[in-house]
Amino acid sequence: MSTDARSSPWLAAMPFFFVLIWSTGFIVAKFGLPYAPPLTFLALRFIGVLIILLPLVLLLRAPWPVGTMRHIAVAGILVQAGYLAGVWCAIKLGMPAGLSALIVGMQPVLTAFAAPLIGERVRPRQWIGLIFGLCGVALVVANKITVIGLTWESIALCVMALLSITIGTMYQKRYCPHFDLRTGTIIQFAASCAVVVPFAIYFEDFSPALQGVQWTPSFIGALLWSVVALSIGAIFLLFALIRKSAATQVTSLLYLTPPTTALMAWVAFGEVFSLVGIAGMLLAVIGVAFVVKK
C-alpha cells in the first residue's frame, strides 16, 4: 500500500480534529479567565509552548526556515497575538461570548472577498455556502447575544481579532505556506510572546512573581490544554490545512466552531440550546459542505 493511501484517512480526518480542538477555545476561556488576566494567561500560554517545543526541536535537529522567517513571524503575530488577545480581552471587558463568536464568524466571508489577492477564486456555490454558514452561526448564538455590558472598546477588540486572523491566514497562505511545522511554530509563538508580554506588563503588571494568577485546578487544566491541545495540536492542524487547501475552504471550517462549542457547553456546563440553535448547526454544516466540496 502506498504512503498516500495509508495517510489518506488521516488527511480526511484532519478538518474534523481541527474543528473539535479549536472549538474548545471558548470553553478554556470560561475555565481560565476567572483566575488570570487575559494577556497574562496568553503570555503563559505562549511561554509554555516554547518550553515544550524548543527542546524537542533542538533534539530532533529540525530545519529552520531560510528566507521566510520574517513572514512566518508576522503571520504568527496576526493569527496568535492579534486574534487571541482581541477575543480574550473583549470577553474580559464584557463582550458576550455569543456576540464575539458572531463577529469573528465573519472571517470566512472576509477571506472570500479578499481571495483574489492571493490568486484564489471563489465559485458561486461557495458564496452560497458562506452565506449559509454565517446564517447558521447567527442562529446558533442567537439566544446568547446580548448588549448588556457592551462597550466600544470590547467591540473594537473583537473587530481587531477578526481582521487579525483573516489577514494572518491570508498572509501565511501568500508568503509562507510551506515550512517545518516544528520550527515555524516556535518562530510564531516567540514573536507573539514578544508582542503580548510588554502589553501584559503595562496593563496587567505582569511579572515573574505572577501575583495576578490564582493557581486553581481549573486554571492549571485550562492552561495545560491551551498549550498542548490548542497552541500545538490545533495550530499544527491549521498550518497543515492552509498548506494543502485554499484559504476560503480552510476558514469556512470555523463556521463549525460555534455549533461544536455549543454542544461542548451543553455537556460541560448544562447550557441549553433551542431548536433554532439545532437548525443553525445543520445550516452551518451544509454551508461548509458547499464551500469545501471539490
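Let me sum up the structure you'll find in this document. (Residues numbered from 1 in each chain as written. Predicted model: local features only at pLDDT ≥ 70, side-chain atom pairs only at ≥ 80, totals over all residues. Heavy atoms only, no water.)

## Comments concerning the packing of aromatic side chains
All chains considered together, the criterion is met by 13 aromatic pairs. An angle of 35 degrees between the planes, with centres 5.2 Å apart, marks the rings of F18 and W22 as tilted. Pair noted here: F18 and W22 are both in helix α1 (residues 3–22), with a separation of four residues, about one helical turn. What makes F18 buried here is its relative accessible area of 1%. On the accessibility criterion, W22 (12% relative accessible area) is buried. Seen in terms of ring centroids, F179 and F239 are 5.5 Å apart; in terms of plane orientation they differ by 70 degrees. Their pairing is edge-to-face. On the criterion of sequence distance, the pair formed by F179 in the loop between α8 (152–175) and α9 (181–204) and F239 in helix α10 (residues 217–244) is long-range, its members being 60 residues apart. Each member of the pair, F179 as well as F239, carries the same accessibility label: buried. Members of the aromatic cluster, each reached through a chain of ring pairs, are F41, W88, W215 and F219. (Phe/Tyr/Trp six-rings, centres within 6.5 Å; stacked < 30°, edge-to-face > 60°. Helix = DSSP H or I, 4+ residues; strand = E, 2+ residues; numbered from the N terminus. Buried < 20%, exposed > 50% of the residue type's maximum accessible area, 1.4 Å probe, protein only.)

## Observations regarding helix α7 (residues 124–141)
Given 3.6 residues per helical turn, the α-helix brings residues three or four places apart onto the same face. Along its 18 residues, α7 runs 26 Å from first to last C-alpha, staying within 8% of the 26 Å computed at 1.5 Å per residue. All of the buried residues in α7 are Q126, G129, L130, G133, L134, G136, V137, V140 and V141. Viewed end-on, α7 has its buried residues packed into an arc of 160 degrees, placing them on one side of the element. (Expected span 1.5 Å × (residues − 1). Arc of directions from axis to C-beta.)

## A short note on the packing of helix α2 (residues 25–32) against α10
Where α2 contacts α10, the axes come no closer than 8 Å and their chain directions differ by 150 degrees. In this view, α2 runs roughly antiparallel relative to α10, as classed from their interaxial angle. Crossing hand, α2 versus α10: left-handed. Counting all contacts with α2, which are made through G25, V28, F31 and G32, the residues of α10 involved are S218, F219, A222, W225, S226 and L230. Class assignment for the residues of the contact of α2 with α10 results in six nonpolar, four polar and no charged. (Axes fitted to C-alpha atoms, helices over the stretch in contact; angles between N-to-C directions. Parallel < 35°, antiparallel > 145°, perpendicular 65-115°, else oblique. Left-handed = near helix turned anticlockwise from the far one by under 90°. Contact = heavy atoms within 4.5 Å. Nonpolar A, V, L, I, M, F, W, Y, C, P; charged D, E, K, R; others polar.)

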